[in-house]
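Per-entry structural report
Each chain is listed here by its residues.
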Amino acid sequence: MAIQNVNPTRMEMKRLKERLKTATRGHKLLKDKTDEMVRQFILLARENKRLRSEVESQLSDALKNFMLAKTVADTRVVEEAVMMPSRRVELQCTKRNLMNIGVPHIEVKQDTAGELYPYSFLSVTSRLDDSVATLDKLIVSLIQLAEVEKTCNMLAEEIEKNKRRVNALENIMIPQMEETIKYIEMKLDENERASTVRLMKVKDIIAKQQQSY
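Residues numbered from 1 in each chain as written. Predicted model: local features only at pLDDT ≥ 70, side-chain atom pairs only at ≥ 80, totals over all residues. Heavy atoms only, no water.

Remarks on the overall build of the protein
- Regarding its fold elements, the protein presents three helices and two strands.
- When the elements of the protein are put in sequence order from the N terminus, they spell out α-α-β-β-α.
- Within the protein, the fraction of its 213 residues that count as buried is 27%.
- Within the protein, contacts between residues at least 6 apart in sequence are counted, and of these 76% link residues at least 24 apart. (Helix = DSSP H or I, 4+ residues; strand = E, 2+ residues; numbered from the N terminus. Buried < 20%, exposed > 50% of the residue type's maximum accessible area, 1.4 Å probe, protein only. Contact = heavy atoms within 4.5 Å.)

Overview of the pattern of salt bridges
- Counted according to the given criterion, the structure contains ten salt bridges.
- Measuring nitrogen to oxygen at the nearest pair gives 3.7 Å for the salt bridge that ties E185 to K17. With E185 in helix α3 (residues 126-212) and K17 in helix α1 (residues 10-72), the pair connects residues that are 168 residues apart, well separated along the chain.
- The residue E158 makes a salt bridge to R165 at a minimum N-O spacing of 4.0 Å.
- Assessed through its relative accessible area of 17%, E158 is described here as buried.
- Residues joined in a network through salt bridges with shared partners are E47, R50 and E54. (Salt bridge = Lys/Arg side-chain N within 4 Å of Asp/Glu carboxyl O.)

Overview of the side chain of Q40
- For Q40, the location among the structural elements is in helix α1.
- Apart from residues no more than four positions distant in its own chain, Q40 is found in contact with L98 and L155.

Describing a nonpolar patch on the surface
- A cluster of nonpolar residues, L59, L135 and L142, forms a patch on the protein surface that exposes about 220 Å² of accessible area.
- If you trace the backbone, L142 turns up in helix α3. (Patch = residues over 30% accessible without salt bridge, like charges linked within 9 Å, V, L, I, M, F, W, Y side chains within 5 Å. Areas by Shrake-Rupley, 256 points an atom, 1.4 Å probe, with all protein chains shown as cover.)

Remarks on the environment of E90
- Residue placement: E90 occurs in strand β1 (residues 88-98).
- Not counting residues within four places of it along the chain, the set of residues in contact with E90 comprises E107, V108 and K109.

Brief notes about the confidence of the model for the protein
- In this model, the protein carries a mean pLDDT of 83, and residues with pLDDT of at least 70 account for 86%.
- Looking at the elements of the protein, mean pLDDT is at its lowest for helix α2 (residues 75-81), recorded as 68, and at its highest for α1, recorded as 90. (pLDDT = per-residue confidence, 0-100.)

Some thoughts on unusual backbone geometry
- For M99, which is not glycine, the phi dihedral falls at a positive 55°.
- Mapped onto the fold, M99 is located in the loop between β1 and β2 (101-111).
- Overall, the relative accessible area of 23% leaves M99 in the partly exposed class.
- Even without being a glycine, N100 presents a positive backbone phi close to 65°.

A short note on the environment of Q92
- For Q92, the location among the structural elements is in strand β1.
- The spacing of Q92 and E107 is 15 residues in sequence and 5.1 Å in space, taken between C-alpha atoms.

Some remarks on the side chain of T151
- Counting through the fold element by element, T151 comes out in helix α3.
- T151 gets classed as buried once you look at its relative accessible area, which sits at 0%.

In structure tokens:
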């Protein structure tokens, strides 16, 4: 591990020890945060899987009923029957805080005042009624799925960023600072030993000079 380019002084060693203490504390906090984000991601991934399975199953049923309706009635009549929506849906998009990440939060407001089936029952089969009813119930689940899936994507990106930061601290910055501190301590010990040797030599020289008088 390469050491940092610093002057081997006690002041520099003190500064590095403070930085090492901060980096070690930051590493623990980031690791704990990453672990919690992974836990939250697993919960959201399970919810995403449940919602997706539910949505795909209901969409499949709605599409099957729609295709059966087209086989019984005239295709143009069926398409005209569902061309104009009779109900209105309003979405209020905001953000909520999840592990310091601004993830989307969507509130759905459905206007149930309109007629669910804006067509004559005589012109189409009941299969189309089933398809329309299924899609009407599916709107909320579809929006929930979009919200959860986007949250999962954002959380996964943040987990990846945090893991890179943790790895950089764990494998580069902290070991580098530890090696630099050891290098400074070694240099200071060498300087101290050299100073001690010089003092002993000076002491011997002074003692010899005193003996010669």
